[in-house]
Amino acid sequence: MTPGRPVHPGAAVTPRASTGEVTAFDEQAGLGTVRADDGREHAFHCVAVADGSRTIPTGVRVTFTVAPGLPGAWEAWSVAPLPPGVQPS
């Protein structure tokens, strides 16, 4: 299965870990987007912020898990800032 392709109900999918940068976050709506290092954009909701803060600033480097979301979309979950100076492996 290729990320970004529609996921059929009941399909077995293994979430994958990624790194990237938050490209937008609307605090009032609680919605944001993150661009993975591979160039793919993924939406996320404030409940997906790992530390429970429910917000994450634009431009922050993050780790996250990509998993199926809305029909035909992949979403970012467990979004967490990378500590300063830490490079993804």
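Small disclaimer: the values here were computed from a predicted structure and weren't measured.

(A) Up close: the packing of aromatic side chains. One pass over the full model with this rule turns up 1 aromatic pair. With a centroid separation of 5.7 Å and an interplanar angle of 20°, the aromatic rings of Phe25 and Phe44 are classed as stacked. Here the residue Phe25 occupies a position in strand β1 (residues 16-26), and Phe44 occupies one in strand β3 (residues 41-45), the gap between them amounting to 19 residues. In this structure, Phe25 and Phe44 share a single accessibility class: buried.

(B) Expanded view of unusual backbone geometry. Of note, Arg54 is a non-glycine position whose phi angle comes to about 65°, a positive value. Structurally, the position occupied by Arg54 is in the loop between β3 and β4 (61-68).

(C) Quick look at the pattern of salt bridges. As enumerated under the stated definition, the model contains 3 salt bridges in all. A salt bridge links Glu41 to Arg35; the shortest N-O distance between them is 2.9 Å. Accessibility expressed as a relative area gives 40% for Glu41, which makes it partly exposed. Across the pair Asp37 and Arg61 runs a salt bridge whose closest N-O atoms are separated by 2.8 Å. A residue pair is termed long-range when its members are at least 10 positions apart, and Asp37 in the loop between β2 (31-36) and β3 and Arg61 in strand β4 qualify at 24 residues. A relative accessible area of 48% places Asp37 in the partly exposed class.

(D) The arrangement of the side chain of Ser18 in detail. Structurally, the position occupied by Ser18 is in strand β1. With sequence-adjacent residues up to four places away left out, Ser18 is seen in contact with Val62, Thr63, Phe64 and Val66.

(E) Summary view of the confidence of the model for the chain. Taken as a whole, the chain shows an average pLDDT of 81; of its residues, 79% reach a score of 70 or greater. Here strand β5 (residues 74-81) stands out as the least confident element of the chain, with mean pLDDT 90; β2 is the most confident, with 94. Long-range and interchain partners of residues 1-12, a stretch whose pLDDT sits below 50, account for 18 contacts in this model, where long-range means more than four residues apart.

Analysis parameters
- Note on numbering: residues in each chain are counted from 1, in written sequence order.
- Two thresholds apply to this predicted model, a pLDDT of at least 70 for residue-level local features and 80 or more for giving and counting side-chain atom pairs, whereas whole-chain, interface and lining totals are computed over all residues.
- Side-chain descriptors were evaluated using all non-hydrogen atoms of the structure, hydrogens and water having been removed beforehand.
- Centres within 6.5 Å make a pair out of two Phe, Tyr or Trp rings, where for Trp the six-membered ring is used; the pair is then stacked when the planes are under 30 degrees apart, edge-to-face when over 60, and tilted otherwise.
- Only runs of H or I of at least four residues qualify as helices and only runs of E of at least two qualify as strands under DSSP, and these elements are numbered from the N terminus.
- For every residue, the accessible area obtained with a 1.4 Å probe (protein chains only) is divided by the maximum for its type, and the residue is called buried under 20%, exposed over 50%, and partly exposed between those limits.
- Every case where a carboxyl oxygen of Asp or Glu lies within 4 Å of a side-chain nitrogen of Lys or Arg is listed as a salt bridge.
- Contacts are residue-level and defined by heavy atoms, with any inter-residue pair within 4.5 Å sufficient.
- The pLDDT value tells you how sure the predictor is about a given residue, anywhere from 0 up to 100.

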